[in-house]
Amino acid sequence: MSDASSRLRELPQISVLLADDRLVPLLAGRRKQWLTRLIQGVVADLRAELKKAKGPVSSREQLLNIAVERVVNKKDTLEKKSWTRVLNGTGVVVHTNLGRSCFPPAAADAARTVALHNSDLEFDLPSGTRGHRGRQVEEKAALLAGAEDALIVNNNAAAVWLAVRHLSRGGRVVLSRGEVVAIGGSFRMHEILAETGCTLVEIGTTNRTSLEDYRAEMIPGTTVLKVHRSNFTVEGFTEDVTVAELAALCQVEGCPLVYDAGSGAFFPYEEVGLPAGETLLIEDVATGADLVTCSGDKLLGGCQAGVIYGSAAEVAKLRKHPMRRAFRVDKTTLAALDEILTAYLREEGRPAIPTLDQLALGLDELAGKAQGLLDELAATAPTGWSGQVVPGQSSVGGGTFSSTSIESRLLMWTGPKAELERCHQWLRLGDPALVGRMNQEGLAVDVRTIAEAEMELVVQAFRLAWEKMSSGTDSNGRSA
Ligand SMILES: *Cc1c(COP(=O)(O)O)cnc(C)c1O
């Protein structure tokens, strides 16, 4: 008999697991349905592992115990919430993997209120008749951006798709080869465009595209797309066309222009010390592009959403687009966005909008925060560890200010590398978890992205991690 089949012979059967004393009490009522599927999955995984296994063959009893343990653990995990709050010690302000911008508290309150209660989402209270969903939020966005009107959709990917689909109607779409971008893992511009049914016409080269390249392809029935490069820069022998130059040419040639502005900032970040480079949404809209799209949770500092800005006539047509409903946002998103845009209208700025607040933190404030953490923690740090407040670099993240880092202050722990790594893992397994930065020098917490109200939680997180390390269990719960 082959090695694999002798291993597989010992694999417990589903019926044996369903009758196991340790699992029977869990299988009461309708839970039996999903738990049976879970057991099937565990056995299938185990079978796949056994086929590849080497070394001594496990006994039937060992395999049964493993399967039962996995089922119980998986069941326990599934019956708890599937997310963990994170204290962001990375210094990346708009961190896509950690949920991008944090809501202003007022926006979170608004989302909670409309989630818990009924509201006039699509109801006109004075007349008692059907109302327009989100129109006042869109009016606020349009006024801030200097556009005639705006349409709110699920995210910028949806905004780009809808804008291009609407203007090109399956015709030719011209895009510079330097702007066939990928944003994050799943937004690849040419793939999104293919799904609009258009024919993509790539022009120019990766590093150089001229106004002539565009002009040559502007035959009737062509839509032009310009995309903000967001997460990378092109340096050296380059040539590019500004949105305004392109808009002027499109006007002459009678071709509509869509501009994917990416971040869509309402706040001039130079005012708080960031380098010039990112344009303001109001400038993007003023370029004369027919439709301008952006995200709601990047430099705007709001929630996941996309906004399409344009003329009243064009946005009215977009509103009637058959796919619009597929991209519409939830009432909680509208309520949160309403609150954020209101904060911009009132010019509340810092500290109302956390993203802006974090980006605006000065070095003195940052050093004070880092020193505060060190003062709380220094006395209880493991032997052989040393803590210091050191200069470091934060970044904006979210594919904005791609080549820019902002000077910051970090709490830096140095000591035995393996211990620092073990500590970082324990920190990540806490609740809230703390995600910092491990580098050559040590384990760092960039305090820019830690809110004032979270400082005590950071202190507790370190104390707990150090306790776990000294208690001799490793982070998988085994005794070291
Ligand atoms: C971030 C980004 C997108 C995707 O935006 P989402 O809101 O995440 O869908 C598209 N285009 C550009 C230029 C971006 O920077």
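Note that the structure is predicted; figures quoted are calculated from it, not measured.

Asks: Give a detailed account of the packing of aromatic side chains, specifying residues and quantitative values.
Replies: Applying the stated rule across the entire model yields eight aromatic pairs. Centre to centre, the rings of phenylalanine 266 and tyrosine 344 are 5.3 Å apart; their planes meet at 65 degrees, and the pair counts as edge-to-face. Here tyrosine 344 lies in helix 13 (residues 331-345) and phenylalanine 266 lies in the loop between strand 11 (257-260) and helix 11 (281-286), a separation of 78 residues in the sequence. Ring centres 5.4 Å apart and planes at 90 degrees place the aromatic pair tryptophan 413 and tryptophan 466 in the edge-to-face group. Within this pair, whereas tryptophan 413 is found in strand 15 (residues 405-414), its partner tryptophan 466 is found in helix 17 (residues 455-470), the two being separated by 53 residues in sequence.

Asks: Residue-level account of the pairing of strand 11, with values.
Replies: Burial of strand 11 is two-sided: the residues Leu257 and Tyr259 facing one way and the residues Val258 and Asp260 facing the other way are all buried. Across four bridges, strand 10 (residues 222-227) lies against strand 11 in parallel orientation. The residue bridging leucine 225 from the neighbouring strand is valine 258, located in strand 11. On the question of chirality, the crossover connecting strand 10 to the parallel strand 11 by way of helix 10 (residues 243-253) is right-handed. Of the pairings in the sheet, the one linking strand 11 to strand 12 (residues 291-295) comprises three bridges and is parallel in character. The residue bridging aspartate 260 from the neighbouring strand is threonine 293, located in strand 12. Chirality of the crossover, the property in question, places the unit of strand 11, helix 11 and strand 12 among those that are right-handed.

Asks: Pulling in residues and values, what's your account of the sheet that holds strand 13 (residues 306-310)?
Replies: Overall, mixed pairing links the seven strands, which are arranged 5-13-12-11-10-6-9 in an open sheet. Edge positions in the open sheet fall to strand 5 (149-153) and strand 9 (199-203), since each of these has one partner strand only. Within the sheet, the average angular offset between the axes of one strand and its neighbour, ignoring direction, is 20 degrees. With five bridges connecting them, strand 12 and strand 13 associate as antiparallel partners. For leucine 291, the partnering residue across the bridge sits in strand 13 and is glycine 310. Contacts between helix 7 (residues 156-168) and the sheet are confined to strand 5, strand 6 (172-176), strand 10, strand 11, strand 12 and strand 13, with strand 12 contributing the most and set at about 165 degrees to the helix. The sheet contacts of helix 10 involve strand 10 and strand 11, and relative to strand 11 the element is tilted by about 165 degrees.

Calculation rules
Residues numbered from 1 in each chain as written. Predicted model: local features only at pLDDT ≥ 70, side-chain atom pairs only at ≥ 80, totals over all residues. Heavy atoms only, no water. Phe/Tyr/Trp six-rings, centres within 6.5 Å; stacked < 30°, edge-to-face > 60°. Helix = DSSP H or I, 4+ residues; strand = E, 2+ residues; numbered from the N terminus. Buried < 20%, exposed > 50% of the residue type's maximum accessible area, 1.4 Å probe, protein only. Pairing = 2+ DSSP bridges. Right-handed = clockwise from strand over helix to strand, strands pointing away. Axes fitted to C-alpha atoms, helices over the stretch in contact; angles between N-to-C directions. Contact = heavy atoms within 4.5 Å.

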